[in-house]
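Results of the structural survey
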Amino acid sequence: MSSSASASKLRSRPRPRYSFNHRPSATKVPSSTPKKPLNFSSPEAQSFVTIHCKGAAQPFRIHKNVITHYSPFFSAAFNSDFKEGKTQSMSFEDVEAPIFGFFNNWLYTQKVVNEDGKRLQLIEYAKLWSLSQRFLMPDLQSILLRETQNTLPSSDAKSGSTLKDFQQYVYLVVDHQEDSDLKKVAIMKTLSSVNQNNIDAVMNSFPEGMLVDFTKALLEDCTQLRGWELGLGLGGVALSMKTENAVAVETPNIGMFGRHRRSR
C-alpha cells in the first residue's frame, strides 16, 4: 500500500477520545472475597481488637472476626505470635482517624459514606483507596477506584480536596509506583480540566513526576493522527501560536509543526 493510500485510510478513521492506554484497573491482585460468610453465633465471635489512629481521642474497637474476615493483612497480624497477635492491638500513626472511620463503617455496612451518610470527597476516596491497598483488600479497592474516577475535585481551595490537593497526594504522599491506578486517575482528571485559560497555572502546579506522565498522555492521543503510523512522527499536529500580526499558512509534510506563520 502506498504512503498516500495509507494516509488516506488513516485520515478517514474516527479519532478516538483520549483514553490513557493503561486505564485504571482494580483487578491486579486476586479477590479478597471471603469463602465463608460472617457468623456471630459462637462466643469466640464476640472478641474484639483495638485500633489506634492518628488524632483519635478514643481507639476503634472492632470485632476480630469482622476485620480479619475482609482483610488478610489484619488476619495475619492478629493471628500471629507477634506483638499484634499477643495484644490484639495495633497502632497507625500515619492513618487519619476519620479515614479509618470510613473503613470501619464499610466493614459493618458495606457502604462508603461519611458520618452523615453522604458521599466522600475526592481526596477522602483516594486516602481510603490507599488504606484498602495497604490492607490487601482488592474488592474494596475496585469500589473506591470507581468512586475516585466519578468524583469531581472541589473548587474550594480550603476544602483540602481540590485537583491540586489530589495531584499532590497521589504523586508526593502515597503512590510512588511508575504505573499506578491513582496516577492515571489524576492524569485523566487533569486533562479534562485543562483549557486555554488555565493551562499555565495548572502545569506550573504539577508535583514532581507528573509533567512526564501528562506529556505521555498527550503524546498517546497524538499517535492516533495519520502521521504516526506512517513513521512521520507527529505530522498532522497543528500548533496554534497566537502572535501579533501573524497569519497562519498551511504547510504539508512539515513534521511536528503543522503550521508556520509569517509576518504581514
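Preceding this section is the structure that the text describes.
As a starting point, this report considers the structure included with it. Everything numeric here is computed off the predicted structure, so don't read it as measured data. (Residues numbered from 1 in each chain as written. Predicted model: local features only at pLDDT ≥ 70, side-chain atom pairs only at ≥ 80, totals over all residues. Heavy atoms only, no water.)

**Comments concerning the overall build of the protein chain**
Each helix and strand in the protein chain was counted, giving twelve helices and five strands. Expressed as a percentage of the 264 residues in the protein chain, the buried residues total 38%. Of the contacts made within the protein chain by residues no fewer than 6 positions apart, 58% connect residues no fewer than 24 positions apart. For the protein chain, the exposed surface amounts to about 16300 Å²; the carbon and sulfur share of it is 52%. (Helix = DSSP H or I, 4+ residues; strand = E, 2+ residues; numbered from the N terminus. Buried < 20%, exposed > 50% of the residue type's maximum accessible area, 1.4 Å probe, protein only. Contact = heavy atoms within 4.5 Å. Areas by Shrake-Rupley, 256 points an atom, 1.4 Å probe, with all protein chains shown as cover.)

**Digging into helix H6 (residues 122–134)**
In this model H6 runs 19 Å from its N-terminal to its C-terminal C-alpha over 13 residues, within 8% of the 18 Å that 1.5 Å per residue would give. Every buried residue belonging to H6 is among Leu122, Ile123, Glu124, Tyr125, Ala126, Lys127, Leu128, Trp129, Ser130, Leu131 and Ser132, and all of these are buried. Positioned one or two residues after H6, leucine 136 has a phi angle of 60°, which is positive. (Expected span 1.5 Å × (residues − 1).)

**Focus on the sheet that holds strand S2 (residues 60–63)**
Strands in a sheet are paired, the pairing made by backbone hydrogen bonds, and the direction either parallel or antiparallel. The three strands lie next to each other as S2-S1-S3, forming an open sheet whose pairing is mixed. Every interior strand has two partners, whereas the edge strands, S2 and strand S3 (89–96), have only one. Going from strand to strand, the sheet's axes swing by 30° on average, the running direction of each strand aside. Pairing analysis gives five bridges linking strand S1 (residues 48–54) to S3, with the strands arranged parallel. Among the inter-strand pairings, lysine 54 is bridged to a residue of S3, identified as glutamate 96. In the packing of helix H5 (residues 97–109) onto the sheet, contacts are made with S1, S2 and S3, and the angle to S2 comes to roughly 20°. (Pairing = 2+ DSSP bridges. Axes fitted to C-alpha atoms, helices over the stretch in contact; angles between N-to-C directions.)

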